[in-house]
Amino acid sequence: MEVKADIGLIGLAVMGQNLVLNMNDHGYSVAVYNRTTSRVDEFLKGPAEGRKNIYGVYSIEELVDKLARPRKIMLMVKAGEVVDKLIDSLIHHLDKGDLIIDGGNSHFLDTTRRTKELDKEGILFIGTGVSGGEEGARHGPSLMPGGNPGAWPLVKDIFQAISARAPDGAPCCEWMGEDGAGHYIKMVHNGIEYGDMQLICEAYQLMKTGLGMSPDEMSRIFKEWDKGELNSFLIEITGNILSFKDEDGSPLVEKILDTAGQKGTGKWTGISALDMGSPVTLIVEAVFARCLSALKEERVKASRILKGPDSQFKGNPKSFTEDIRKALFASKLISYAQGFMLLREAGKEYGWNLDFGSIASVWRGGCIIRSSFLGKIKEAFDRNPYLQNLLLDDYFKGIIAEYQLSWRKVVGTSIELGVSVPAFSSALSFYDGYRSDRLPASLLQAQRDYFGAHTYERVDRPRGQFFHTNWTGRGGEVSSGTYNV
Ligand code: NBP
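Computed from a prediction, not measured in an experiment: that's the story for all the values here.

*Asks:* Provide a residue-level description of the site of the ligand, including the pertinent values.
*Replies:* Not every one of the 19 residues close to the ligand is listed here, only the nearest: Met 15, Asn 34, Arg 35, Thr 36 and Val 77. Contact distances for the ligand include 2.7 Å between an oxygen atom and a side-chain N or O atom of Asn 34. Note that an oxygen atom of the ligand is positioned 3.1 Å from one of the backbone N or O atoms of Asn 105. Alone, the ligand offers 900 Å² of accessible surface; in the complex the protein occludes 74% of this. Breaking the shell around the ligand down by element, the ones donating at least two residues are α1 (14–25) and α4 (81–91). Here the shell around the ligand is composed, by residue class, of ten nonpolar, six polar and three charged.

See below:
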């Protein structure tokens, strides 16, 4: 009898190839297919050479035929239309109960649509976040699967076997929730990654322009920070990047053009936050900081025209460096608090029963934002799964209380020096807004009612009663129900 493969994979680019090798390392047999079929041969003769149980196939029909039932087929292809086209060409060959998994960076609403459409055909669907890039795919990614819950038992063993392990040995892969939940959580992961990177860059900029430190000095500082509570993949690689030398022996980082690229998941996170009215200020600032960096020519021109203060710091550099570390940690905490606020809103909006401790747990290893800090977040949600906001957890509350003077000093000093720190400062502003029992929105509501008769609620009347005032004596008494500015 012909031997059948445990799982099929379509898309032998960098992610697909490495996932296949990873699955094979864990004893799974994999049938592999790629649109450009020469890539199948290149893979079999290259990275997969000498391995047993990796089978190259050259058509969709051959792939389907090679799989044990219920069939499991993972797509690792470019996100978007390609995924729909592949699903269309697959479903005619599949039987009820077979499973398609999309491991690309698909938009969560596409995943929700695909899950529902395929469910009608009796085909199971999973949209899974895969984080950790090439290295993660090869040796253990963080996996965030969501979709049709009936599909999870079919791949749980494979997925948990190939995923990264957290420091306590737990697999960095758990079922995230229905429909697009897995891809949503991966999107927020990427948004948080934008925030983490921007915060690190602001610390770097302050040390560089404010304190006049060399890349080697900064590298030592980041390596030192990596030994403490900031311990994380991104801090670690920043330490390595800063000490990396170009061929002529000078720091490579100084030769890299300061215009940041982006692929869109940070922007998607911001759009989702705006859609749901969730104040995820730090991630959005991080996206805008990349946009501002991209205006290189305009900035160079403006730098010759627009004047700022002297950017040289005059105080004690050693204690200010420690202040920067504390500002970075406190701001990071705000970023994660906002990220989990967004997840809570999304859970309500889309009807997902999200387990926040589990989300923090699967991010502890394999992915770009992996850090010791995520262990603390998991512990906070373990202590109280209904925790409304991470800032209210005793551990995090204590950190902010202890660090906020340094944080304020860093933001204030940056403003005095004219160093742009949008993430540090928006994090602090969010903190001050969140802890305010009265915001100037009272005045704002008055303005809205003044010019547009939008009405307001009063502190001395029950919620839900709306009032309109004829502010000028000229307007009428009619309030607006539709005109919203
Ligand atoms: P790419 O995103 O570069 O996609 C290349 C693959 O898509 C190739 O196998 C290509 O086949 C296939 N493909 C294309 Br393009 N159009 C196709 C079509 N019409 N029909 C069938 N196949 C088609 O590969 P990747 O960087 O390995 O990423 C794969 C997925 O994983 C993406 O969604 C990506 O966003 C996501 N992801 C990537 C990373 C990362 O670090 N790279 C990390 C996490 C997630 P061909 O060889 O015939 O052109």
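*Asks:* How would you sum up the sheet that holds strand β8 (residues 177–178)? Please name residues and give values.
*Replies:* For sheets, the rule is that strands pair by backbone hydrogen bonds, running either parallel or antiparallel. Strands sit in the order β3-β2-β1-β4-β5-β6-β7-β8 across an open sheet of eight strands; the sheet is mixed. A single partner strand is all that each edge strand has here, and the edge strands are β3 (54–56) and β8. Where α1 meets the sheet, it contacts β1 (7–10), β2 (30–33), β3, β4 (72–75) and β6 (124–131), and its direction lies at approximately 165° from that of β1. Running over the sheet, α4 touches β1, β4, β5 (99–102) and β6 and is turned about 160° from β4.

*Asks:* Tell me about empty space enclosed by the protein, and name the residues and values.
*Replies:* All chains considered together, the criterion is met by two cavities of 30 Å³ or more. Taken as a whole, the largest cavity spans an internal volume of roughly 60 Å³. If you go around the largest cavity, the residues you meet are Asp 196, Leu 199, Ile 200, Leu 230, Ser 232, Leu 234, Ile 235, Leu 328 and Lys 332. Elements with a contribution of two residues or more to the lining of the largest cavity: α8 (181–210), α10 (233–243) and α14 (317–350). At three residues, the largest contribution of residues to the lining of the largest cavity is made by α8. Residue classes in the lining of the largest cavity are distributed as six nonpolar, one polar and two charged. Approximately 40 Å³ is the volume attributed to the second largest cavity. As for the second largest cavity, its lining consists of Ala 337, Phe 340, Met 341, Arg 344, Phe 356, Phe 381, Gln 388, Asn 389 and Leu 390. Considering each element in turn, the lining of the second largest cavity owes the most residues, four residues, to α14. Across the lining of the second largest cavity, the residue classes tally to six nonpolar, two polar and one charged.

*Asks:* Mind laying out the packing of aromatic side chains, listing which residues take part and the relevant values?
*Replies:* One pass over the full model with this rule turns up 23 aromatic pairs. When the ring of Phe 222 is compared with that of Trp 225, the centres are 5.1 Å apart and the planes differ by 70°; the resulting orientation is edge-to-face. Taken together, the residues span about one helical turn, with Phe 222 and Trp 225 both in helix α9 (residues 215–225) at a distance of three residues. Neither residue differs from the other here; Phe 222 and Trp 225 are each classed as buried. Put simply, the rings of Phe 329, Tyr 336, Phe 373, Tyr 395, Phe 396 and Tyr 403 pair up and form one aromatic cluster.

*Asks:* If you had to explain the side chain of Ser 358 to someone new, which residues and values would you point to?
*Replies:* If you trace the backbone, Ser 358 turns up in helix α15 (residues 356–362). Judged by its relative accessible area of 15%, Ser 358 is buried. In this structure, Ser 358 is in contact with Glu 174 and Met 176, ignoring residues within four places of it in sequence.

*Asks:* Give a description of the pattern of salt bridges that names residues and reports values.
*Replies:* If charged atoms from side chains of opposite charge come close, those side chains can pair. As enumerated under the stated definition, the model contains 34 salt bridges in all. Where Lys 85 meets Glu 81, a salt bridge forms, and the shortest distance between an N and an O atom there is 3.6 Å. Of this pair, Lys 85 and Glu 81 both sit in helix α4, four residues apart, which is roughly one turn of the helix. Take Lys 85: its relative accessible area is 56%, and that puts it in the exposed class. For Asp 432, the salt bridge is made with Arg 435, and the minimal N-O distance between the two is 2.9 Å.

*Asks:* An account of the side chain of His 183 is needed here, citing residue identities and associated values.
*Replies:* Residue placement: His 183 occurs in helix α8. The class for His 183 is buried, based on a relative accessible area of 2%. Within the local environment of His 183, its side chain forms a polar contact with the backbone oxygen of Gly 104, the two atoms lying 2.8 Å apart. A distance of 3.2 Å separates a polar atom in the side chain of His 183 from the backbone oxygen of Thr 128. The residues contacting His 183, other than those within four sequence positions of it, are Asp 102, Gly 104, Ser 106, Phe 108, Thr 111, Gly 127, Thr 128, Gly 129 and Met 144.

*Asks:* Account for the pairing of strand β7 (residues 142–147), with residues named and values stated.
*Replies:* When you tally the buried positions in β7, you get six out of six residues, the bulk of the element. Residues Ser 142, Met 144 and Gly 146 of β7 are buried on one face, and the alternating residues Leu 143, Pro 145 and Gly 147, pointing to the opposite face, are buried as well. As paired elements, β7 and β8 share two bridges and run parallel to each other. Of the residues in β8, the one forming a bridge with Gly 146 is Gly 177.

The rules we used
Along each chain, residue indices are assigned from 1 in the same order as the chain's sequence is written. Side-chain atom pairs in this predicted model are given and counted only at pLDDT of 80 or more, local residue features only at pLDDT of at least 70, and totals for whole chains, interfaces and linings cover all residues. Excluding hydrogens and water, the side-chain figures rest on all heavy atoms present in the structure. If even one non-hydrogen atom of a residue comes within 4 Å of a molecule or strand, that residue is called near it. N or O atoms closer than or at 3.5 Å make up a polar contact, with two conditions inside protein: a donor-capable atom paired with an acceptor-capable one, and, for residues adjacent in sequence, both atoms drawn from side chains. With residues, only the protein chains shown are counted as cover, and all accessible areas are computed by Shrake-Rupley using a 1.4 Å probe. Numbering of helices and strands runs from the N terminus, with a helix taken as a DSSP run of H or I at least four residues long and a strand as a DSSP run of E at least two residues long. Each residue gets one of three labels, nonpolar for Ala, Val, Leu, Ile, Met, Phe, Trp, Tyr, Cys and Pro, charged for Asp, Glu, Lys and Arg, and polar for the others, Gly among them. The pairing criterion for strands is at least two bridges between them, as found by DSSP. Every residue pair with non-hydrogen atoms within 4.5 Å of one another is taken to be in contact. Here an axis means a line fitted to C-alpha atoms, over the contact stretch when the element is a helix, while the angle between two N-to-C directions is reported on a 0 to 180 degree scale. Lining residues are defined by having an atom within 4 Å of a point belonging to a cavity or pocket. Those points lie on a 1 Å grid over the protein atoms alone, cavities being sets where a 1.4 Å probe fits but cannot get out and pockets being open sets with protein on both sides within 12 Å along at least five of seven lines. Grid points are joined across faces, edges and corners, and a volume is the space filled by probe spheres set on the points. What counts as a ring pair is set by centres within 6.5 Å for rings of Phe, Tyr and Trp (its six-membered ring), and what kind of pair is set by the plane angle: stacked under 30 degrees, edge-to-face over 60, tilted for all other angles. For the exposure calls, accessible area comes from a 1.4 Å probe over protein chains only, and a residue counts as buried if that area is under 20% of its type's maximum, exposed if over 50%, partly exposed in between. When a carboxyl oxygen of Asp or Glu lies within 4 Å of a side-chain nitrogen of Lys or Arg, that pair is called a salt bridge.

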